[in-house]
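# Inside the fold
Residues per chain, in single letters:
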Amino acid sequence: DKGLTKSFVYPVPAKDMITVNFGTTITKGQIDIFTSEMKKVRSEIIHGSSTKKDINIDGLPSGVYFIRLTNGSENEIMRFIKK
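Residues numbered from 1 in each chain as written. Predicted model: local features only at pLDDT ≥ 70, side-chain atom pairs only at ≥ 80, totals over all residues. Heavy atoms only, no water.

### Thoughts on the packing of aromatic side chains
Basically, it comes down to this: Planes of paired rings set the category: under 30 degrees apart is stacked, over 60 is edge-to-face and the rest tilted, where pairs are Phe, Tyr or Trp rings (Trp by its six-membered ring) whose centres lie within 6.5 Å. To qualify as a helix, a DSSP run of H or I must reach at least 4 residues; to qualify as a strand, a run of E must reach at least 2; elements of each kind are numbered from the N terminus. Think of it in three bands: with a 1.4 Å probe and only protein chains considered, a residue is buried below 20% of the maximum accessible area for its type, exposed above 50%, and partly exposed in between.
Under the criterion given, the structure shown has two aromatic pairs. Arranged with centres 5.4 Å apart and planes meeting at 20°, the rings of Tyr65 and Phe80 form a pair that is stacked. Residue Tyr65 is found in strand 4 (residues 63–71), and its partner Phe80 is found in strand 5 (residues 74–82); the two are separated by 15 residues along the sequence. The pair formed by Tyr65 and Phe80 is uniform in burial state, with each residue classed as buried.

Here's what the structure looks like:
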């Protein structure tokens, strides 16, 4: 652990948009969103330096989802609820 701050996602529960806050600046990474059955429903690439990413989830059905944030060799899993 290189002193990484925990990432988090908000708002929870979410309606049509979520924001993934990385807790640090990421220059290259990927966000994958999975259903509770671990079926991948969305992928977002992070380009350039950023500390957060807004993702439109309007088209997703209500339920529990998991976000995998990949930053180099680091992986973090977060969870959110879509209303």
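That covers the picture; the talk isn't over yet.
### Observations concerning the pairing of strand 3 (residues 40–56)
Cut-off, in case you're wondering: Whether two strands pair comes down to DSSP finding at least two bridges between them.
Relative to strand 3, strand 2 (residues 17–35) is paired through 13 bridges, and the arrangement is antiparallel. If you follow Ile26 over to strand 3, its bridge partner there is Ser50. The hairpin formed by strand 2 and strand 3 contains four residues between the paired strands, and Met38 there has a positive phi angle of roughly 65°.

### Comments concerning the environment of Thr70
Our working definition: The contact criterion used throughout is that any non-hydrogen atoms of two residues lie within 4.5 Å. Within 3.5 Å is the distance limit for a polar contact, defined as a pair of N or O atoms, with the added protein rule that one can donate a hydrogen and the other accept it, and that residues adjacent in sequence qualify only through two side-chain atoms.
Of note, Thr70 is situated in strand 4. Sequence separation between Thr70 and Gln30 is 40 residues, and the spatial gap between their C-alpha atoms is 5.2 Å. Beyond its immediate chain neighbours, meaning those up to four positions away, Thr70 contacts Gly29, Gln30 and Asn75. Among the polar contacts listed, one links the side chain of Thr70 to the side chain of Asn75, at a separation of 3.0 Å.

### Digging into the side chain of Thr35
By the secondary structure assignment, Thr35 is in strand 2. Look at Thr35 and you get buried, because its relative accessible area is 13%. Not counting the four nearest positions on each side in its chain, Thr35 is found in contact with Val41, Val64, Tyr65 and Phe66.

### Side note on the pairing of strand 5
As judged from the nine bridges shared by strand 4 and strand 5, these two strands associate in the antiparallel manner. When the bridges of strand 5 are listed, Gly63 appears paired with Lys82. Hairpin connection of strand 4 to strand 5: two residues between the antiparallel strands, including Gly72 at a positive phi of 65°.

### Examining the pattern of salt bridges
Under the convention used in this document: Salt bridges, as used here, are contacts in which a Lys or Arg side-chain nitrogen is within 4 Å of a carboxyl oxygen on Asp or Glu.
A full pass over the atoms with the stated rule returns four salt bridges. Two residues, Lys40 and Asp32, come together in a salt bridge whose shortest N-O distance is 3.6 Å. Residue class for Lys40 comes out partly exposed when judged on its relative accessible area of 43%. Under the relative-accessibility criterion, Asp32 is labelled buried at 2%. Among the ionic pairs, Lys53 bridges to Glu44, the shortest N-O distance being 3.4 Å. With relative accessibility at 22%, the residue Lys53 sits in the partly exposed group.

By themselves, these figures tell us nothing about what the structure is for.
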